[in-house]
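These are the residues of each chain, in order.
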Amino acid sequence: MEKLALFGGERTVKDAPMELFSWPIITEEDEAAALDVIRNNKFSGYDITQKFEEEFAAWQGRKYAVAYCNGTAALTASMFAIGLSMGDEIICTTKTYWASVSQSLTFGATPVFCNIDEHLSMDPDDIERCITPKTKAIMVVHYLAYPCDMDRIMEIANRHNLIVMEDVSHAQGGLYKGKKLGTFGQIAAMSLMSTKSFAAGELGIVVCDDKKLFERVTAFGHYDRNTSKYITESEDLFPFFSIPLGGIKGRANQLCTAMARVQLKYYDERCAEIRRAMNYFWDLLDGLPGIRAIRVDESTGSNMAGWYMPHGIYKAEELGGLSVRRFCEAVSAEGGMIWDGANRCLHTHPLFHDYDYFGVGKPTRIAFSNRDAREDDKLLDRSTEITCFSVPWFKHYDKEWIERFAASIRKVIENYDQLLEGDAKKAQGGRWYGQTNED
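Heads up: these notes are all about the structure in this document. Bear in mind that the values here come from a model prediction, so they are computed numbers and not experimental data.

1. Observations concerning helix 7 (residues 254-285)
Reasoning step 1: Across its 32 residues, helix 7 extends 43 Å between first and last C-alpha, which sits within 8% of the 46 Å expected from 1.5 Å per residue.
Reasoning step 2: The sharpest bend along helix 7 measures roughly 50° and falls at tyrosine 267.
Reasoning step 3: Capping the start of helix 7, asparagine 253 holds a side-chain oxygen 2.8 Å from the backbone nitrogen of leucine 255, two or three residues further along.
Reasoning step 4: Once helix 7 ends, the next one or two residues include glycine 287, with phi positive near 90°.

2. Focus: the nonpolar core
Reasoning step 1: Core analysis: the biggest nonpolar cluster contains 87 residues, and Phe281, Ile291, Phe327 and Phe389 have the highest contact counts within it.
Reasoning step 2: The contacts of phenylalanine 281, once residues within four sequence positions are left out, are Val391, Pro392, Phe394, Ile402, Phe405, Ala406 and Ile409.
Reasoning step 3: Ranked by size, the runner-up nonpolar core spans 44 residues in total, among them Met154, Phe198, Leu203 and Val207.

3. Description of the pairing of strand 11 (residues 311-314)
Reasoning step 1: Taking every second residue as pointing to the same face, both faces of strand 11 are buried, with His311 and Ile313 on one and Gly312 and Tyr314 on the other.
Reasoning step 2: Relative to strand 11, strand 10 (residues 291-293) is paired through 3 bridges, and the arrangement is antiparallel. For alanine 293, the partnering residue across the bridge sits in strand 11 and is glycine 312.
Reasoning step 3: Where strand 11 and strand 12 (residues 388-390) come together, 3 bridges link them in antiparallel fashion. Considered in strand 12, the bridge of glycine 312 is made with phenylalanine 389.

4. Regarding the sheet that holds strand 4 (residues 135-141)
Reasoning step 1: Within the open sheet, the 7 strands sit side by side as 1-9-8-5-4-2-3. Their pairing is mixed. Lying at the two open borders of the sheet, with one neighbouring strand each, are strand 1 (64-68) and strand 3 (110-114). This sheet shows a mean twist of 20° between the axes of neighbouring strands, independent of strand direction.
Reasoning step 2: As judged from the 5 bridges shared by strand 4 and strand 5 (residues 163-167), these two strands associate in the parallel manner.

5. Some points on the sheet that holds strand 11
Reasoning step 1: Strand order in the open sheet formed by 3 strands is 10-11-12, and the pairing between neighbours is antiparallel. Strand pairing shows two members of the sheet lacking a second neighbour, strand 10 and strand 12, which therefore form its edges. This sheet shows a mean twist of 35° between the axes of neighbouring strands, independent of strand direction.
Reasoning step 2: Here helix 7 sits on the sheet and contacts strand 10, strand 11 and strand 12; the angle it forms with strand 10, its principal contact strand, is near 150°.

6. With respect to the packing of aromatic side chains
Reasoning step 1: The final tally for this structure, using the stated rule, is 27 aromatic pairs.
Reasoning step 2: A ring pair is formed by phenylalanine 113 and phenylalanine 352, whose centres lie 5.1 Å apart and whose planes are at 85°; its orientation type is edge-to-face. With phenylalanine 113 in strand 3 and phenylalanine 352 in helix 9 (residues 351-354), this residue pair connects regions lying 239 residues apart in the sequence. Summarising the burial analysis for this pair, phenylalanine 113 and phenylalanine 352 share the class buried.
Reasoning step 3: Seen from their ring centres, tyrosine 280 and tyrosine 397 are 5.7 Å apart, and the 65° between their planes marks the pair as edge-to-face. Placement of tyrosine 280 in helix 7 and of tyrosine 397 in the loop between strand 12 and helix 12 (399-414) is noted, with a sequence separation of 117 residues between them.
Reasoning step 4: Assessed through its relative accessible area of 23%, tyrosine 397 is described here as partly exposed.
Reasoning step 5: The ring centre of tyrosine 46 lies 6.0 Å from the NZ or CZ of arginine 251, which sits over that ring.

7. Description of the packing of helix 3 (residues 71-81) against helix 6 (residues 211-221)
Reasoning step 1: Relative to each other, helix 3 and helix 6 sit at 125°, their axes nearing to 8 Å. One finds that helix 3 runs oblique with respect to helix 6. The two elements helix 3 and helix 6 meet at a crossing, and its hand is right-handed. Touching Thr76, Ala77, Ser78, Phe80 and Ala81 of helix 3 are Leu213, Arg216, Val217 and Phe220, all from helix 6.
Reasoning step 2: Its residues assigned to classes, the contact of helix 3 with helix 6 shows 6 nonpolar, 2 polar and 1 charged.

8. Considerations on the pairing of strand 3
Reasoning step 1: With 5 of its 5 residues buried, strand 3 lies for the most part within the structure.
Reasoning step 2: Here strand 3 shows no split at all, with Thr110, Val112 and Cys114 on one side and Pro111 and Phe113 on the other all buried.
Reasoning step 3: For strand 2 (residues 89-93) and strand 3, the ladder comprises 5 bridges, and the chain directions are parallel. Following the sheet pairing, isoleucine 90 is matched in strand 3 by proline 111.

9. Let's talk about the pattern of salt bridges
Reasoning step 1: Counted under the stated rule, the structure contains 29 salt bridges.
Reasoning step 2: Glutamate 334 is the salt-bridge partner of lysine 411, the closest N and O atoms lying 3.0 Å from each other. Separated by 77 residues along the polypeptide, lysine 411 in helix 12 and glutamate 334 in the loop between helix 8 (324-333) and helix 9 bring together distant segments of the chain. A single burial state applies to lysine 411 and to glutamate 334, both of which are buried.
Reasoning step 3: A salt bridge links arginine 374 to aspartate 372; the nearest nitrogen and oxygen atoms lie 2.9 Å apart.
Reasoning step 4: Of the residues examined, arginine 374 reaches a relative accessible area of 21% and is grouped as partly exposed.
Reasoning step 5: Connected through salt bridges with shared partners, the residues Glu89, Arg371 and Asp376 form a single ionic network.

The rules behind the values
Residues numbered from 1 in each chain as written. Predicted model: local features only at pLDDT ≥ 70, side-chain atom pairs only at ≥ 80, totals over all residues. Heavy atoms only, no water. Helix = DSSP H or I, 4+ residues; strand = E, 2+ residues; numbered from the N terminus. Expected span 1.5 Å × (residues − 1). Bend = angle between axes of the 7 residues up to and from the residue. Polar contact = N/O pair within 3.5 Å; in protein donor to acceptor, adjacent residues only side chain to side chain. Core = buried A, V, L, I, M, F, W, Y, C linked by side-chain atoms within 4.5 Å. Buried < 20%, exposed > 50% of the residue type's maximum accessible area, 1.4 Å probe, protein only. Contact = heavy atoms within 4.5 Å. Pairing = 2+ DSSP bridges. Axes fitted to C-alpha atoms, helices over the stretch in contact; angles between N-to-C directions. Phe/Tyr/Trp six-rings, centres within 6.5 Å; stacked < 30°, edge-to-face > 60°. Lys NZ or Arg CZ within 6 Å of the ring centre and 35° of its normal. Parallel < 35°, antiparallel > 145°, perpendicular 65-115°, else oblique. Left-handed = near helix turned anticlockwise from the far one by under 90°. Nonpolar A, V, L, I, M, F, W, Y, C, P; charged D, E, K, R; others polar. Salt bridge = Lys/Arg side-chain N within 4 Å of Asp/Glu carboxyl O.

As structure tokens, then:
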């Protein structure tokens, strides 16, 4: 038995170099691009942004790309592009960040939530339960960089004549069976904000192949591109030139798109090193009780891009019922840099049960629907029962330090019985990102 650091034992990880985790990688090339924008007051133009859009579309393998000021705006514009409107339903996994689907309420649409599988990914087995005659689209979220089962999802969508939208905010550049995420559905959108694996300040982008979708995305939040120069095929939009149809200004700051152009040049090779590091980390822990890696088998041609916010699944029953919170507390005391939980399951938030956005005296989620989708939420208990925890997100392959961090988890698992007596909290739900003491 080895004494855990939580009880006065020696820490496993000490003075780890923070460059292991520092992101994004900023070089003189990034700085020069940013300074050009600053010195020439190019913040609000389109010249740099359009170059980035062209480069990103080519890299993504799609015909069109439209940059937005952030990922939420990009996802909102994509909903407008497909014509999401009052009475429509949109299916989304419950375990995701709110910006994947909550703005559908502003269109008067109804989000319908489906369960997650053992990888916290959209469960194809639960999708058809969610489909009704009012279903218009499926919002596929490649959550925590894990690629969804796109073969099955596309087969279901095609059989029911549904639009597939992809939220690639966690998985830019990732692959599913050799094909890039964001190229399966009719339209895809993603955040490129400062904490993402593709990090470019505060930025979002939409990609598609259909010209009319592209024009609607552009017209939604780009008033000075909602003109005859850009909108040429969507005749129904012609009378509304010069004003953004969403009533918002979604233009990207060119400080961000200048940085994004540089980041794009090196993104794939940097992600390859992240994958090498993260796979090595999980290889060291393979077979230990109580934990399972959330990762794909890369021999299938799939990968996890930049492995955004890596997590594992926690199995309390394999460690004597030890709560995930107590487990993470012990690993953190060893210097292991982990915490419990992930995004809150959206179906548990009052916004989707009680919020009246339009002030019509009825919760917006059901205000324009002919059924109460909230009743379906009773079938989502499985999603709240899956427990997870974060692990260090290595940006560089440093064998020695990766081994030390893995050893901190191994030490706790091998000595978990020391933690049982003081484990007052047995609840396994874990916390979620953004939780406060008032939640």
